[in-house]
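Report on the structure
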Amino acid sequence: MAAPQSTEWRTVCEKFRLAQELSEVESRKDPANNPFRSKYTARDLLKEILCSLKKINIEEGETDNEAEGESRQMVDGEPGSECGKACTGDSPAGLRAARLAVVQYCLGLNHIETEELSAGEQHLINCLKLIDKCTTTRENVSLFIQARNQLGILWAGRDEIEKAQGFLEIAESMYLLYMKEDGQPPLDLQDYFVLEGEELSQREKIRRFEMAYTHTLYYLAQVYKNLQQYERSGQYCHSTLQRQLEYKQFVPLEWAINAATLSQYYITKTRYMEARHCLAAASVIASLAGEIPSEAAAKESDAECEKREELLQKRSEIARCWIKYCLNLMQDAKKLLEDNIGELDLDRQEELKRARRNEEEDKEKGRKSAILFGSSDTFDSICSLEEKVSSMLPLDFEEARSIFLVGQSYVAQAEEYFAMDGHVTDHIEILQDHSALFKVLAFFEQDLERRCKMHKRRVDLLEPVCKDLNAQYYLLICRQLQFELAETCYEMMDLKLAVSDKQDQPDVHTIKKFNHLCSSSIKYYQMFLDSIRSPEGKFPEKLEDDLLRPALVAKFRVARLQSKLISSNLATQLENLNHSLESYSFIVQYCEENPEAKKAVETELELSNEMVSLLPLKINRIRSKMASCK
């Protein structure tokens, strides 16, 4: 090997430094019509280095075949046995092989970055061939891991997920084995091409090695997700985020969005403490990206405008994840507490409160230590934010209300970026979540009048949007809004009916309000049903699967609402009951003609059959009254 301070070696080191600078810095300035100019120049330099290294090795008595390791078999993600290795990684031959392998690795990366994937793959395989003949030591372990990382990414990009998994899992096992058996800061790729006295510090070597392993975990998280191993993917994603914070290897907004996304996985598993911790960490880390520039500042500078746009968008996205957290926490509590008719089961409520007093404190202590994010400068802020909202299922109105208020505050934050003007779909989804927050809060409220007011807030949120939205462009959203508005008015009607049942004789105002709610619900159900009709106004003979239950439920509820309308006029009563009978008959007839539909609306069909039998009797009684009055 050339003397460390020889002119020839200095030239090799300078070429390597320049190649790195061209690839990582200068390439960002390349023109659009020649985007790889700097990378091609870097490639030429790397090839020159390869030739120089081979010349040096030959001078020292090693043949080209030995240097290249051409006799070795193709590497396919499988680890070579340490038995029968040609040399140790820290021997002169091992160091020569590693030096050549670093250049092959850099050439592989260069070709991948210039979209020449097959050539890039071959260089990476050459890299592994060279070092796979040596035992794994601190001189080559980082290169082992990084080469396998890149091959893992390459095969994942080709949708060869299991092959990618093989490379990445070996990289992971190599790291764990090395840390167990040695653990000292290994050589970085750059260390092979520096002059004496210019080596990286121990701290920087550790940082780079740990960053390579963090990348391994990150790519494995994606692989496991693609293999639908969601639990494992979540664990690896969590570990990746923890390590990025620990080693300060993160971009604040990117990290925050990844943590917020992970929270949504935990929500699906009802692991609310972990979800809350991810969201609190996301909010705190996002704040490290700086303050949002004012509108005035954004108008004066393109850079400030871009910064404002990005910060508003990312923080609004995190706010939306908070909304989902609050909403799902309340909805899961509702599922536990409701009886068979959807009302609050007071006995069940008391039972759950007793159980929680006994269990929850120990449970939280046991899980908390395993999931903490943050460093000394962010830990307190994350804990402080967590304390503002519970991770336990709310069991009464006050607990539900405190979660609701947090969710509602994030609604306002989410709407800062996702305004109706420019973000129609996102804005409406936020409104729907806000409405759903009111809906589930109403479940916990036992005062019927106050519950009714909460549903009225839902109508106030959704009705203006439903009126203004163009169904031609937003048909699915219009249907969702129409159905929800109809359902909300229907619930309010039932609540008013329950209130009036407690009165001896409902007054004129109560009757008027009740009829208004019935008519509003009918109107929105009818709008939903009309949206299913053909352009000629014909209702389909056979409903699509996704519309079958909603359409028949809408017909059923319209039938019930029409029969509930209060009127002292016999002719109006008769007209309403005839309309009701038509709607009930439609359901019965549709299910007779399409027997497969019966399973979708079993309860509604059973009641419709009963009403088809009973309503004609009621209609005949009214007709008799009308005849006797003439």
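A brief structural summary. (Residues numbered from 1 in each chain as written. Predicted model: local features only at pLDDT ≥ 70, side-chain atom pairs only at ≥ 80, totals over all residues. Heavy atoms only, no water.)

1. A closer look at the overall build of the protein chain
Secondary structure assignment for the protein chain yields 23 helices and zero strands. Its C-alpha atoms give the protein chain a radius of gyration of 34 Å, more than 25% over the compact-globule value 25 Å for 630 residues. Projected onto its principal axes, the C-alpha coordinates of the protein chain cover approximately 125 × 60 × 55 Å. Residues counted as buried form 47% of the 630 residues belonging to the protein chain. Counting only contacts in the protein chain whose residues sit at least 6 apart along the sequence, the fraction spanning at least 24 positions is 72%. Just so you have it, the protein chain exposes about 32,100 Å², and 49% of that area is on carbon and sulfur atoms. (Helix = DSSP H or I, 4+ residues; strand = E, 2+ residues; numbered from the N terminus. Rg over C-alpha atoms; globule rule 2.2 N^0.38 Å. Buried < 20%, exposed > 50% of the residue type's maximum accessible area, 1.4 Å probe, protein only. Contact = heavy atoms within 4.5 Å. Areas by Shrake-Rupley, 256 points an atom, 1.4 Å probe, with all protein chains shown as cover.)

2. Here's the deal with the packing of aromatic side chains
Scanning the model with the defined rule gives 21 aromatic pairs in all. Ring geometry for phenylalanine 16 versus phenylalanine 193: centroids 4.4 Å apart, planes at 20°, classification stacked. Of the two residues, phenylalanine 16 sits in helix H1 (residues 7-24) while phenylalanine 193 sits in the loop between helix H7 (161-181) and helix H8 (202-226), which places them 177 residues apart along the sequence. Neither phenylalanine 16 nor phenylalanine 193 differs from the other in exposure class; each is buried. (Phe/Tyr/Trp six-rings, centres within 6.5 Å; stacked < 30°, edge-to-face > 60°.)

3. Concerning the packing of helix H19 (residues 475-501) against helix H20 (residues 508-530)
Here H19 crosses H20 at 155°, and the two axes come no closer than 8 Å. Considering the angle they form, H19 stands roughly antiparallel to H20. Handedness of the H19/H20 crossing: left-handed. Looking at the contact of H19 with H20, its residues break down into 15 nonpolar, five polar and four charged. (Axes fitted to C-alpha atoms, helices over the stretch in contact; angles between N-to-C directions. Parallel < 35°, antiparallel > 145°, perpendicular 65-115°, else oblique. Left-handed = near helix turned anticlockwise from the far one by under 90°. Nonpolar A, V, L, I, M, F, W, Y, C, P; charged D, E, K, R; others polar.)

4. Some remarks on the nonpolar core
If you look at soluble globular proteins, the nonpolar side chains tend to sit buried side by side. Ranked by internal contacts, the top residues of the largest apolar core, which has 178 residues, are Phe193, Trp322 and Tyr325. The leading source of residues in this core is helix H13 (residues 302-337), at 14 residues. If sequence neighbours within four positions are ignored, tyrosine 325 has contacts with Ile267, Tyr272, Ala275, Arg276, Leu279, Val389, Ser390 and Ser391. (Core = buried A, V, L, I, M, F, W, Y, C linked by side-chain atoms within 4.5 Å.)

5. What to know about helix H23 (residues 602-629)
The end-to-end C-alpha separation of H23 is 41 Å, in line with the 40 Å expected for 28 residues at 1.5 Å each. Buried positions along H23 lie against helix H21 (545-564) and helix H22 (570-593). (Expected span 1.5 Å × (residues − 1).)

6. Notes on the pattern of salt bridges
Two side chains with opposite charge may pair up if their charged atoms get near one another. Within this structure, the stated rule accounts for 39 salt bridges. Of the charged contacts, one joins arginine 208 and glutamate 204 as a salt bridge, the two residues approaching to 2.8 Å between their closest N and O atoms. With arginine 208 and glutamate 204 both in helix H8 and four residues apart, the pair spans about one turn of that helix. Residue arginine 549 pairs with glutamate 604 through a salt bridge whose shortest N-O separation is 3.3 Å. Taken together, the residues arginine 549 in helix H21 and glutamate 604 in helix H23 connect sequence positions 55 residues apart. A relative accessible area of 13% means that glutamate 604 is categorised as buried. Ionic contacts of the salt-bridge type, sharing partners, join the residues Asp188, Glu204, Arg207 and Arg208 into one network. (Salt bridge = Lys/Arg side-chain N within 4 Å of Asp/Glu carboxyl O.)

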